[in-house]
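The lines below spell out each chain.
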Amino acid sequence: MYPAPFLYHRPSGLHQALELLSRHKTDGVILAGGQSLVPRMNLRQETPKNVVDLNRIADLSTLAVVDDVLEIGAMVRHQSLCWDAEVSGLSLPSGFAQLLGRMAGAIGNLPIRLRGTIGGSLANASPKAQWALLSLLLDADIVIENAGGARCERYAEFLNRDGRTTLKPGDMITRVKIKVPSAHWRYGFAQLAPQQNRPTSAFALAAVTLQDACVRDCRIAVGACTPVPCRLQALEDWLSGRPASVDGGNDLADVAKAAVRQQAFDLEPYLEHLAAVAITRAVAQALGH
Amino acid sequence: MEDTELHTVSFKLNGHVQVLQVAPRRSLTHVLDQECGMKSARVGCGQGDCGSCTVSVDGVPIRGCLLFAVQADGADIRTAEALADPAMLAAIRKAFKKHRAIQCGYCTPGFMILAEYILRNALPLDQAVQTLSANLCRCTGYSPIVSAVTELLALRAENGCGP
Amino acid sequence: MIGRSVDRLEDDDLLRANTRFVGSLAFEDMLHMHVVRSPYAHARLKTVIVDKAAMAPGVIAVWVGNDIRDLSPIGFRRVPDRDLLQYRQRLMALEELRYVGEPVAIVLATDPYLAEDAGRLVAIDAEILPPVLDCEPRPDSRSEPLLRGRNEIARIEKGYGDIEAAFAAADHKISISCQIARQTAVPLETRGAIAVPHAHAAGFDLYGAAKVPHANRQELAKILSLDIDSVVLREGHAGGGFGVRGELYPEDVLVAFAALRLGRPVKWIEDRSEHFLAINHSRDQMIHLDAAVSEGGVIAGLHARLATDQGAYLRTHEIKVSDLSCAFLPGPYRIPAYRATATVHLTNKTPCGTYRAPGRFEATFAMERMIDAIAAALALDPVEVRRRNLISAAEMPFERKIEATGKRVVYDSGDYRQTLETAIEAFDLPELRRAAEERRREGECVGIGVAMFVEKTDTALHETVRLELASDGKIEIVTGTSSLGQGMETALTQIAADGLGLPMDAFRLVRGQTDRIAQSGGTFASRTTLMAGSAIHEASRIFRQKLIEVSAALYGVTTGEVTVHGEGCCIDGRSLNLLQLRAALDTAAPDTQLVAEADFSSGAMACPYGVHIAQVKVDPDDLSVMVEKYHIAYEIGRAVNPDLVRAQLLGGAVQGIGGALMEEISFSADGQPLTISFAHYVTPRTVDVPAFDILVLEDWPSPTNPLGLKGAGEGGINAAGAAVAAAVEDAFGATIAPRRLPITPKSLFDLLARTDSAHTRASWPARQGSATEWDSHFRNAADDTSSFCRGINPAR
C-alpha cells in the first residue's frame, strides 16, 4: 500500500499554485488536507504525476466576515471551526457559530479534523460531507480560481445531481462565502451512523425562523443517504406557517419520508427510514423541542 | 517514473533537528521508522482509520501515514519515545501500566500521543473519550485506556497544571 | 507469586517503543517482497505475464506459481482425513484462481515501494468463471460449483444417546436457525516475515514468527526440503494474535523460498487491504437446532445441523472449527441425547481458520439462543431454563461421550449452578432486570441478556520448558510458546518465581526461538499458562534441587545446609546471589551447567466456564445498539495473575461485542470483497465500550494440572454474541428474536419490518427433511421472528 511516484510542488503563493495547476492540467492534483486524497493514493486508486501542495499558502487559511459574508479559506481545517478562539472573533450570531462547530465536530475524528480542509471536502463532493449539506442549505457561494481568472458559483449549481462538481482541470476552490444569517435563525443538525464515530448513514440540517410561535422561514436538507444532499421543498412548504409546537411525531416523520421519496432517489426502506429519523430530529431541534 | 527527484527535508524530531533526503511519496511514518529509527512510528492501515501511526506534528496529533515526509519540512515532530514534557510522558507511562492499558502494545504509542493532547488541553472527560475513539485497539477493550486517561486528567486537575 | 496481580514485565519496553515488531527490523542487503494477488473470485488462469515487471527498476526477481510447482501446499497440523488433503492451498495459484487475494506472483525488489510498482506491471490473463458464494449453490444461480456437483467437501457427525426416542417422547419440539457472519480478528499489526538465509549452509532464520513456531518450523523444513535444524523461527513482538496470526501462510513460505534462492534477506509486510484478503477469516456458520423439550423446559434431545462456509481452500486448521462447534455446542447443559451434523463447503472466498474461541463463539450463540427460545415458547424464565438443564457438580468430571478434534470431551471440574447463582447475586440480576423493565415502561428500549458457556483449554500437545542459569546470573525460562500481548512473560515468570522461591527479577523469559528449545506446542486455545506454566512448575522443582546440590558441592557442605533464599542461596548461613554463584561456578567448575528441563502433558482438557450478563439500550429510532453494562463471572480454577485474567476477559468481551453488533465481511455478487479496510469492517472504538464488572472465580481448580489452572484467553469472547443478542431480544420485550450476528441497525430494521408485516411462527416443527429442505429454511429463517408484532416509531 504505497503510492505511485510523483513530483511534488510546494507553491508559497496562490498565483504560483494556479500556474502549476495550469501547467499540469491533465496529470496534477491538489493536495489540501490529504485525508481523502492520500488514502486513495496509498491504494493507487489515484496516481497523479504531479502533486501541488497548498499547505504553505497562508492566504488560503483565512477566516473572515466581510460585508456580512463569512469567507472561509479553502485551507481552513475542520477543527478550526470547532475552536472558539478562531471563531469567536468573527462576531457571528451564536446559533450559527455553534452550528459550524457542531458540524465540523461531526467530521471523522480529531486527527482527521486537524488536517482535513473545507475546500478539500467541497472539491471531493462526497455525499457524506457535512460541508456539502451546509453549503446547500445556506446557499453558499464557492469561489473557484484558475490561471485565467476567478468565478463564483452557488453551491446548488456547483454540484450536479449526479454528484459531480463543475471543477475543471486547473481549477481550485479558494474560498467559500456564506451570507451570515440573521440572529433569528435557529438550527438543528442530526447525524446518524450505525455506531458513533463511523461513516454517516444519514444526516439532516434544518434552519427556521419563528414568528408568533409559528414557523415563518424554513429550510431543510438531507444527505449522506442520498447521492447528493438535497433540499426538501415539500417538507419546507408543509412546515411553513405551522405552530412551532408542531408534533414532532408521526406527522412530521411521514411528511419527511414522503418528501424524501419525492426526490426519487429510490432509497431502500432502511435508508428512507434513517433519512426520516435524521430530518425529524433536526427539525425538532431547530424548533426547540 | 522512478523516485529520481529527492527533496531535502529538515524537521525537529523529539527536539533534535533532522535533515534528510526523501522521495516525495515516502510517508512520514515510513521515514520516521526506516530513516530515523523511531520504532513507535507504525503503520496499522495506511488509510487513517486505525491511528497506530499517530504522531504529534506542531503540537497536535496527526496521522503519520497520511502525511508525506516532504510535507513535514520545518515541522516540530514528537513521537511517543520523547513527548515534549518528560514529566507528562512519565505520568502517561505510569498510568497506562497501572491500568493495564497495554496488551500487545502495537497501538500504544498512538494512544499515548492522544493522551498527551488530551492532558495538555485538559479536555473534559466526554471529549477525552471521543478523542480516544480516533484510534483502534484490538486487545484491551479500551476501558483500561480510558481509566488511565481519566486518572491522568484528575491528577492534572489536582496539581493545577501538568501531572 | 501465583495469585498476585503484579505489574506486567512486558510494559516498560512497549511503553518506550523498545520493541522488535517485524516491520521495523532490517538486515543488510535486504530485499522486499510484494505479492501480486488474484483480482478475481473465480477464474481459469491462463498466463501470468511478468516481463515488464521483471525489467522494472530495483527488481531482482519475479516468480509465479509455475516456478515453484515442486513445492507442496501447506499441510494440516492434524490430518483428520487424508481425502481432505486435496483441498490444501498451493503457495501460488497454478491453473485456477479461487478467491480475490489468492497469490499469483511475487516480486522481489530492493525497496518495498519499487516492489509494489513492479507488481502493478504483472498482467494476469484469465478466463473469468462465475463464483460460488453460498454453502449450497442455489439451483437458480449461474454459479458453477468449485467441485463437480456440489461444493460440500466434508461432513462431520457426532452424537450420543437415543435422539429419535427423545423426540418421540418430547412434549415440545422447538427449532431455531442461527447464523454467524464471516468475521476475522484484525490484530492492529498486520502480518510480516523476514527470512534471512544462513551464510554457510542451506537454511534460514525467519523473523515475525508467532503462535506456533515449532510446528511452522517443521512444515517449512518439509516444504523446502531442509533439515529441521536449519530452519530457525524467531519471534519478536507481535501486535495481537487472536488465532489468526502465526499460522503458516503462503507468504511465510514464499519469503523463505525467495531468500534461499537469492541468498539475501527478504522482507514482506502485509498491508491492511491485503490483510483483509489474505489472513484467515472465521465464523461464517449457519446452525439449525431442533430440541426435544419437556413441559418444564428440560431438554431431552438436541439435533444440530451446521453448515460452514470454509472459503476457497483448507488451510492449517482444515475443518477443525466445524468440529469444535459440534463438540461444544451442548455447552454446560446435560442434554441426554445429542446428534450433530456439520457440512463444510468450499466457496470463492478467503479461506477460513481459527479466531478466538473458534467454533465456540458460534456454538454458544446458537445454544443460548435455543435456551432463550425454549423459555419464550414455554413462558419460563430463561435463567430457570438454564438451571433445569445444567450439569450438576456431582456429575463432574462430566464425560460428553463425543470427541473434539480426536480428543474425548470431558468437563474436568466445576459447579455450573453455583457459578450461575454467584453471578446472579454478585451482579444483582433481579435488580438489573427490574431497572430495565422500569425503563422500558418509560419508553426506553433496554434489555438484559444472560448467557452461559463452557470453554476449552487445549492440552492436546505436550510442552517442554527449560530453566537455565545464564552467564549473567539470570535464570532463563526457555519456552517455545508465544507472546501475543496477553502477558505470558509475566504469568510464566510468576510461576517460576513461585516454584523457586526467588524474586521475579531473577528470571529472564526466552520465547519463540526454535533454536533454544526442542519442542513446543505453541500458543493457542488458551493453553500457554496451563501447559508451559505446568512444565515450568515442574522444572523449577528440579532446578531448585539442582541448585541446592551444585551449591552444596561447590562449598563442600551437605544439601541440608543449603536453602534457596533471597536472591539466590543461603549456604551455611552465608547468602549468595545467583550472579555470585555463577561466578563461583565459572571459577571452580566451568563446565557445570545448571539446567532443568521438564515436559508437561495432560490427557484431559481443562474446561473453564462462566456467565455473561449484558445490558443493552437500543435507540428506538435509528436502531443502533449500545451495550451499557457488561458482567462476566469466570471460573478459572486458579488465576496466576488476576488482573491479567480480567484484562483477557474484558478485551475478549469487547471483541465479542464487535462480533455481536458490528463485524461482517461481505462480498459483492461477483465475489469481490467489500470489506477491505477498517472503514468498512467496523470494530469497536472507545465510545462503544460498556461499563464492566468482572468476577474471576477460583472455586474449582482443574485436576488436569498441578497448579489447578484453566485458560483465560477466550472466556471473554465466547458468550458475548449470545448475551448481547439475548439483551436485544429483551429490549424489544421478546417481540423479536435476533438469531443472526452481527445485529446491525439495518438487520434490526428488517427484522422489525418482517415482524410487522408477516405471519410468523413461535417455533418450527422439528424436521428430519433433506439437506435442501432445511437449507431453504436457513435462508428464510435466520432471524425468524416470533408471533408478536411491534412497530417502530421513526419519530420518537
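This is a predicted model, so every value here is computed, not measured.

On to the overall build of chain A. Secondary structure assignment for chain A yields eleven helices and twelve strands. The globule rule puts the C-alpha radius of gyration for 289 residues at 19 Å, and the 19 Å found for chain A is close to it. Considered along the principal axes of its C-alpha atoms, chain A spans approximately 60 × 40 × 35 Å. Taking all 289 residues of chain A together, the buried fraction comes to 59%. Residue pairs at least 24 apart in sequence account for 63% of intrachain contacts in chain A once pairs closer than 6 positions are excluded. Total accessible area on chain A stands at roughly 11300 Å², and carbon and sulfur atoms take up 47% of it. Placing the 29 positive and 27 negative side-chain charges of chain A at their respective mean positions leaves the two points 6 Å apart.

This next bit is on the domain arrangement of chain C. All names here are of chain C. Taken domain by domain, chain C consists of domain 1 (11-129 + 190-237 + 245-278), domain 2 (282-458 + 604-781) and domain 3 (463-600). At the junction of the two partners, domain 2 supplies 18 residues and domain 3 supplies 17 residues. Buried surface at the junction of domain 2 and domain 3, both sides included, amounts to about 1400 Å², of which 65% is carbon and sulfur. Area buried by domain 2 at its contact with domain 3 is led by D458, V640 and L707, which between them contribute 36% of it. If you look at where domain 2 meets domain 3, you find zero salt bridges. Taken together, the residues that form the side of domain 2 that touches domain 3 break down as seven nonpolar, seven polar and four charged.

This part covers the interface of chain A and chain B. Between chain A and chain B, the residue contacts involve 31 residues of the former and 30 residues of the latter. Between chain A and chain B, a total of about 2600 Å² is buried, with carbon and sulfur atoms accounting for 61% of that surface. Counting the surface chain A buries against chain B, the share from its top three residues, P5, Y8 and P111 of chain A, is 22%. Applying the counting rule to chain A against chain B returns one salt bridge. The residue R10 of chain A makes a salt bridge to D73 of chain B at a minimum N-O spacing of 2.9 Å.

With that settled, consider the state of the cysteines. All names here are of chain C. What the rule picks out here adds up to zero disulfides over all chains. Distance from the sulfur of C569, which forms no disulfide, to the nearest cysteine sulfur (C570) is 8.6 Å. Here C569 falls in the buried class, since its relative accessible area comes to 1%.

Before going further, it helps to spend a moment on the environment of F749 of chain C. Tracing the sequence through the fold places F749 of chain C in helix α19 (residues 745-757). Sequence spacing of F749 of chain C and L623 of chain C is 126 residues, and the spatial spacing of their C-alpha atoms is 7.0 Å.

Once that is clear, we can look at the confidence of the model for chain C. With 93% of its residues at a pLDDT of 70 or more, chain C shows a mean pLDDT of 93. Between residues 139-143 of chain C, whose pLDDT stays under 50, and residues either more than four places distant or in other chains, the model counts five contacts.

Right, let's get into the pairing of strand β7 (residues 149-154) of chain A. Residues and elements named next belong to chain A. Across six bridges, the pairing between strand β6 (residues 141-146) and β7 is antiparallel. Of the residues in β7, the one forming a bridge with V143 is C152. Here β6 folds back onto β7, and the loop between the two strands holds two residues.

Moving on, we get to the side chain of D622 of chain C. Mapping D622 of chain C onto the fold places it in the loop between β26 (609-618) and β27 (625-635). Separated by 2.8 Å, the side chains of D622 of chain C and S624 of chain C make a polar contact. The contacts of D622 of chain C, once residues within four sequence positions are left out, are L192, Y270, L274, V277 and R281 of chain A together with P745 of chain C.

Right, let's talk about the packing of aromatic side chains for a bit. Considering all chains together, one arrives at 19 aromatic pairs over all chains under this definition. An angle of 40° between the planes, with centres 6.2 Å apart, marks the rings of F96 of chain A and Y187 of chain A as tilted. One end of the pair, F96 of chain A, is in helix α4 (residues 94-105); the other, Y187 of chain A, is in strand β9 (residues 186-192), with 91 residues separating them in the sequence. Side by side, F96 of chain A and Y187 of chain A carry an identical accessibility label, which is buried. Through a chain of ring-to-ring contacts, the aromatic side chains of F398, Y411, Y416 and Y609 of chain C assemble into a single cluster. When the ring centre of Y113 of chain C is taken as reference, the NZ or CZ atom of R26 of chain B above it lies at 4.0 Å.

Our next topic: helix α11 (residues 416-426) of chain C. All names here are of chain C. Buried within α11 we find Y416, T419, L420, A423 and I424. Along the axis of α11, the buried residues cluster in a sector spanning 135°; they form a single face. A positive phi of about 50° marks D428, the residue just after α11.

This brings us to the interface of chain B and chain C. Between chain B and chain C, the contact holds 44 residues from the first and 56 residues from the second. Summed over both partners, the interface of chain B with chain C buries about 4200 Å², with 55% contributed by carbon and sulfur atoms. Put simply, chain B and chain C have six salt bridges between them. Its salt-bridge partner being D12 of chain C, residue K97 of chain B comes within 3.0 Å of it at the nearest N-O pair. Where chain B meets chain C, there are 28 residue pairs in polar contact (both at pLDDT 80 or more). A breakdown of the residues in the side of chain B that touches chain C according to their chemical character gives 17 nonpolar, 15 polar and twelve charged.

Conventions used here
Residues numbered from 1 in each chain as written. Chains lettered and ligands numbered in written order. Predicted model: local features only at pLDDT ≥ 70, side-chain atom pairs only at ≥ 80, totals over all residues. Heavy atoms only, no water. Helix = DSSP H or I, 4+ residues; strand = E, 2+ residues; numbered from the N terminus. Rg over C-alpha atoms; globule rule 2.2 N^0.38 Å. Buried < 20%, exposed > 50% of the residue type's maximum accessible area, 1.4 Å probe, protein only. Contact = heavy atoms within 4.5 Å. Areas by Shrake-Rupley, 256 points an atom, 1.4 Å probe, with all protein chains shown as cover. Lys, Arg positive; Asp, Glu negative; His and termini not counted. Charge placed at Lys NZ, Arg CZ, Asp CG, Glu CD. Domains from an automatic or database assignment. Buried area = accessible area lost by both parts, 1.4 Å probe. Salt bridge = Lys/Arg side-chain N within 4 Å of Asp/Glu carboxyl O. Nonpolar A, V, L, I, M, F, W, Y, C, P; charged D, E, K, R; others polar. Disulfide = S-S within 2.5 Å. pLDDT = per-residue confidence, 0-100. Pairing = 2+ DSSP bridges. Polar contact = N/O pair within 3.5 Å; in protein donor to acceptor, adjacent residues only side chain to side chain. Phe/Tyr/Trp six-rings, centres within 6.5 Å; stacked < 30°, edge-to-face > 60°. Lys NZ or Arg CZ within 6 Å of the ring centre and 35° of its normal. Arc of directions from axis to C-beta.

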